[in-house]
Amino acid sequence: MDYVNAPIGKARAPQQPVLPLVAVPTTTGTGAESTTICVMDVLSLKVKTGISHAALRPRLAVVDPALSATQPAGVVAAAGMDILCHALESLHRPVVRRLRRQDA
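So, how was this worked out
- Residues numbered from 1 in each chain as written.
- Predicted model: local features only at pLDDT ≥ 70, side-chain atom pairs only at ≥ 80, totals over all residues.
- Heavy atoms only, no water.
- Patch = residues over 30% accessible without salt bridge, like charges linked within 9 Å, V, L, I, M, F, W, Y side chains within 5 Å.
- Areas by Shrake-Rupley, 256 points an atom, 1.4 Å probe, with all protein chains shown as cover.
- Salt bridge = Lys/Arg side-chain N within 4 Å of Asp/Glu carboxyl O.
- Helix = DSSP H or I, 4+ residues; strand = E, 2+ residues; numbered from the N terminus.
- Buried < 20%, exposed > 50% of the residue type's maximum accessible area, 1.4 Å probe, protein only.
- Contact = heavy atoms within 4.5 Å.

Peer 1: Whenever I open this one, a nonpolar patch on the surface confuses me. Can you help?
Peer 2: Side chains of Val22, Val24, Leu60 and Val62 sit close together on the surface and give an oily, nonpolar patch of about 330 Å² of accessible area. Tracing the backbone through its elements, the reader meets Val24 in the loop between β1 (22–23) and β2 (37–42).

And the structure:
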């Protein structure tokens, strides 16, 4: 738990360079192949937490759209909703930023 985000873990940064990471996403839409964040459930503590560090950004992503052809329909639908939510967030963010500037 040394590298897991606080307050669950110690949120330590790697002391030495990490090996290059190659991401092979198995579902569409998560964006995990381009992020510096790893999210996980710690079942023993009944919490969802993560690890975040710039060293976790994958150096290479192997993305095969054909993998979605064999996924169950529910997984494809959930990934599609995740994609839609991220798209809506990106549309909403400039509006929130503009409103915050007006309040300042």
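Peer 1: Would you mind going over the environment of Val47 with me for this structure?
Peer 2: Position of Val47 among the secondary structure elements: in strand β3 (residues 47–52). Look at Val47 and you get partly exposed, because its relative accessible area is 25%. Measuring from C-alpha to C-alpha, the distance between Val47 and Pro72 comes to 27 Å, with 25 residues separating the pair along the chain. For Val47, the contacting residues outside a window of four places in its chain are Ile8, Met40, Asp41 and Val42.

Peer 1: Just checking my understanding: could you explain the side chain of Thr36 for this structure?
Peer 2: Position of Thr36 relative to the elements: it lies in the loop between β1 and β2. With residues up to four places along the chain from it excluded, the contact list for Thr36 reads Ile51, Ser52, His53, Ala54, Leu56 and Arg57.

Peer 1: Whenever I open this one, the pattern of salt bridges confuses me. Can you help?
Peer 2: Using the criterion set out here, one finds two salt bridges in the structure. Among the salt bridges present, the one from Lys10 reaches Asp2, with a minimum N-O distance of 3.5 Å. Residue classification places Lys10 among the exposed positions, given a relative accessible area of 60%. The salt bridge involving Asp2 is made with Arg12; its shortest N-O contact spans 3.1 Å. Taken together, the residues Asp2 in the segment before β1 and Arg12 in the segment before β1 connect sequence positions ten residues apart. Residues joined by salt bridges that share partners form a network here, namely Asp2, Lys10 and Arg12.

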